[in-house]
Structure formats: C-alpha cells, structure tokens
Amino acid sequence: MDNKTNRTSPEYRFPQGFWWGSAASGPQTEGAADQDGRKPSIWDYWYSIEPNCFHNDVGPENTSNFYHMFKEDIQLMKETGHTSFRTSIQWSRLIPDGVGDVNEKAVTFYNQVIDELLANDIEPFMNLYHFDMPMCMQEKGGWESREVIEAYVNYAATCFRLFGDRVKHWFTFNEPIVPVEASYLYDLHYPNVVDFKRGATVAHHTIVAHAKAVEAFKKLNVDGKIGIILNLTPSYPRSQDAADVKAAHIADLIFNRSFLDPVTKGEYPKDLIEILKDRELLPIVEPGDLAVIRDNPIDILGVNYYQPRRVKAKEQSVPAGNPFMPEHLFDPYIMPGRKINPHRGWEICEEVIYDIMMDIRDNYGNLPFFISENGMGVEGEEKFRNEAGFIEDDYRIEFIQEHLKWVHKGLQEGANCLGYHLWTFIDNWSWTNAYKNRYGLVEVDLQNNYKRTIKKSGRWYKTLAENNGFTVG
Ligand code: BG6
C-alpha cells in the first residue's frame, strides 16, 4: 500500500483497486411498484392498510424512480466517482407470484441496469433480499415457513442463472437481523409480531435460506463470489466490571454473532444456544439444517456500520411472566459525552469501524470483506443549499473522511478490507422513515419530477475515488 505522509498534511491512500461506490436497494429506489408485472411486497401491502405508519404518509409506490431513470442515474454514479454499485433485485418484480413464472419485463430491466453499469465501468454488486418479502410469500408465513425458504432458494438460483454471467459479487441478504428485530420483536415493521421464539425461528430459517442459496451458487458453478451483508453493532460495556462485560457479551451474541458465526464459521455460538435453551426459545432445527450451514461458508462479507451498541448490567429485575426480550439480559447504556446524529438518534463513533476490522482479522480468519454501508441521514437538507443551487453537505464529507481514517488504519494493520460503499447514492425512500432523513450523494426533488442534483459530497466523492484517497489539511 502506498502510504506517503508529509509533516503537515496527512495522506490517506488506499490499496490499488479499492472499491469506491455506494449501496442502495430495489424497493427503496426503483418505484414503478405496480408496473410491468410487479406484485406487492409486504411494504406495499402494509402501506395500503396503514399509510400513517410512514413518515408524512409517503409510501413505496414511486420511491426515487430508478426504474425509469436508471440511465441518468448511472451517469450520475460516474460523475460521483463510482467504481462499483450495490443494489438489490426485487423478488416481487422478478417472480411476482413468489414461485413459478419469471417476469420477462423484470429480466429486461435488470439486464439493462447491469449492462449499463458495466458499460460505464461500474461493477454491479447484487443483493437478493433487502427486507422485501413478496406479500404472497408472507401469506404463506414469510420466514416462518419452510416453503418460503425453498421458494427463496429457487428465486436465488434463477437470479444466478439469469445474471451470473455478468454479476461477480452476490449477496443473499442485507441486514437479515433487521426483519427479525423489527418485524418479530420490537413492533416496528409488518407483520408487527412481538414474540422472541417466532423471531428466533425467522432468524434460523433465514440462515438456512442463505446457506442453501450459497449451496445453489456453488452447484451452478457461477464465476463469482457470494456473501451476505450484516449490520454489525459492536457491543461495548459501560465498564470493565464483570457484570457489564457479561452484558456486552450477551448483546454481542444476540445481535452480531447470531448471524456472523453461522455464515462464516458454519455454526452458532455455543453460549448463544445455551441462553436460548435455558429459556426454551430454541427454534426447531430440521435434519440437514446444521449441515448445510456448516458446508456453505461465505466468500465475502459486507459490513454495514452505523453505530455501536453500549450496554450495562441489568439494573432492575424483570417482573416474572413478561415475554422474553433481549433487554431482559442487559440495559442500554447512554455514554456521557457521546457524539450523536440528532436526526437519526444514532451515536457516531468512527473508531468502531477499526474495531470491527480487527475483530474480522483476528477472530474470523481475516475473511475478505468490505464496508458495504456507512452513512449519515440528515433531515431538512434544503437549508444547506448554496447560491449555485446544490446542497453543501460538509458534515457528510467530514463523516466519511473520519470513518475512512480508521479504515485506513485497519488496512495498515492487515485487515482484508476491499472497499467502501456509502449509504447511499441518491436520497431514497427509507421504510417507515420514508424521505425524512436524506443520505444521498445526490439529491432527489420529489416535487419536481424527481430532479437529481449532485451535492457537494458527491463532487468530493469523485475526487476521493480518483485519488484513491484524500489528504487532510
Ligand atoms: C440501513 C438499511 O441499515 O439503514 C437501509 O440497510 C436504510 O435500507 C438505512 O435505508 C437508513 O435507515 P433510516 O431508518 O435511517 O432511514
């Protein structure tokens, strides 16, 4: 690695071929929800019955109109320095009934997107599932159903066959723990179930679906790499007191290692199994489940990093009879003096990204990985518009730079990090937050035919990619 420094201006140069780009997802950008044969996902359905659950009642019908504007968007990706871009295929667009016929219009659309990216020297990274269960599959029980696992594996294999000649980096799921937490534990997303045991079943079935998709990928001999994208939230104890340390360990098991260990090491952490067993919360494990998990480790890991998790030992006991929640085993800890993004309520702590890198280096066999999401959502960005008409988001540039300094340090210390993807390329529809917090390098104007305008961060990102790094000062 080229790592020149001079006395006044530290330089942060990254390895040759380091991926610069961003991440997005089909349901958050494509729009055209009911066009060309697509059928509803849980998001379309939920919005149809409870629009008030979404910020300003804005739903997923049109999102950022990528379906119709992808050519323009890919030019903007070029203008913002992308060498790679991750999005997701919508199952509900490609196979509208969940199983059975492939929608030829969807095949044409995804082919065009992939070809256009490649024609512009932007490598397509493709994810298969970003929280977007087709409604017809949810009606069969969603991830609680074994039938849905098989349908997903068939969908994944269809994607590999259709697009595997050109897509070289595949991901089975984005943040698979989010549907477990949000849909089965914390009452945040449809189907709004609050039941840890059902959540544990959803988690196990997702991991089986993932492993079976990796198996299908290998059987089909696809020329490429396959992995999964996990949101890692390292757990830090309030103090080194044994009870605080234990609390942090438990939080880490539940929220990180529950997915990280099976997809990399092929097995669940033994102490996590003990916790669930003691409380009779273990999901049903069918013959073959553990073998398929064991035999199909990932080639590459995507790490989404936004915030750490700080915890302390439980201070008050939970009244008997309350249905189990992870927070029965620890309390959240608000660290005094923490830096926070007030729009999202998330702590900003840049060096945690380095801790993740060291953890993967030391405890996960120095597996190849990349930062697959990191970013800053800000509400009301219009107030930063300058006279030239674009948003001067210096806070976003600083946010990226401060994280990259730690990525750079991790690389110098031997971490196998292959790239950095910002969340996100263009402001997009973000689930129940809709368009509240804007994350893009490019602004979208929903009142003005989805007009796109590159923000200051987008221009800066191009120089970052072109220089393969940056200089401070
Ligand atoms: C990431 C998800 O965790 O967070 C994205 O992968 C999401 O899908 C992003 O849009 C930002 O979320 P929010 O809730 O801050 O808008």
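## Some remarks on the pairing of strand 17 (residues 442-445)
Along any regular strand the residues' side chains alternate between the sheet's two faces. One ladder, built from 4 bridges, connects strand 17 with strand 18 (residues 451-454); its direction is antiparallel. Residue pairing across strands places valine 444 opposite arginine 452, the latter belonging to strand 18. The turn joining strand 17 and strand 18, which pair antiparallel and follow one another in sequence, is formed by 5 residues; a positive phi near 55° is taken by asparagine 449.

## Focus on the site of the ligand
Close to the ligand lie 13 residues; Gln28, Glu175, Arg344, Ser430 and Tyr439 are nearest. In the model, an oxygen atom of the ligand is placed 2.8 Å from a nitrogen or oxygen of the glutamine 28 side chain. Within the side chain of histidine 130, an N or O atom sits 2.8 Å from an oxygen atom of the ligand. Coverage of the ligand by the protein chains reaches 93% of its 390 Å² of free accessible surface. Of the residues that constitute the shell around the ligand, the class distribution is 5 nonpolar, 5 polar and 3 charged.

## Considerations on helix 14 (residues 394-412)
With 19 residues, helix 14 extends 27 Å between its outermost C-alpha atoms, agreeing within 8% with the 27 Å of an ideal straight helix rising 1.5 Å per residue. Taken as a whole, helix 14 has its buried residues at Tyr395, Arg396, Ile397, Phe399, Ile400, Gln401, His403, Leu404, Val407, His408, Gly410 and Leu411. Glycine 414 occupies a position one or two residues after helix 14 and carries a positive phi of about 95°.

## Considerations on helix 13 (residues 352-363)
With 12 residues, helix 13 ought to run about 16 Å at 1.5 Å a step, and its terminal C-alpha atoms sit 16 Å apart, in line with that. For helix 13, every residue scored as buried is listed here: Val352, Ile353, Tyr354, Ile356, Met357, Met358 and Ile360.

## Quick notes on the pattern of salt bridges
What the rule picks out here adds up to 37 salt bridges. With a shortest N-O distance of 2.7 Å, aspartate 97 and lysine 39 are connected by a salt bridge. Remark: lysine 39 occurs in the loop between helix 1 (26-29) and helix 2 (42-49) and aspartate 97 occurs in the loop between helix 4 (91-94) and helix 5 (104-119); sequence separation between them is 58 residues. Judged by its relative accessible area of 37%, lysine 39 falls in the partly exposed class. Between lysine 314 and aspartate 331 there is a salt bridge; the shortest N-O distance is 2.6 Å.

About the cut-offs
- Residues numbered from 1 in each chain as written.
- Predicted model: local features only at pLDDT ≥ 70, side-chain atom pairs only at ≥ 80, totals over all residues.
- Heavy atoms only, no water.
- Pairing = 2+ DSSP bridges.
- Helix = DSSP H or I, 4+ residues; strand = E, 2+ residues; numbered from the N terminus.
- Near = heavy atom within 4 Å.
- Polar contact = N/O pair within 3.5 Å; in protein donor to acceptor, adjacent residues only side chain to side chain.
- Areas by Shrake-Rupley, 256 points an atom, 1.4 Å probe, with all protein chains shown as cover.
- Nonpolar A, V, L, I, M, F, W, Y, C, P; charged D, E, K, R; others polar.
- Expected span 1.5 Å × (residues − 1).
- Buried < 20%, exposed > 50% of the residue type's maximum accessible area, 1.4 Å probe, protein only.
- Salt bridge = Lys/Arg side-chain N within 4 Å of Asp/Glu carboxyl O.

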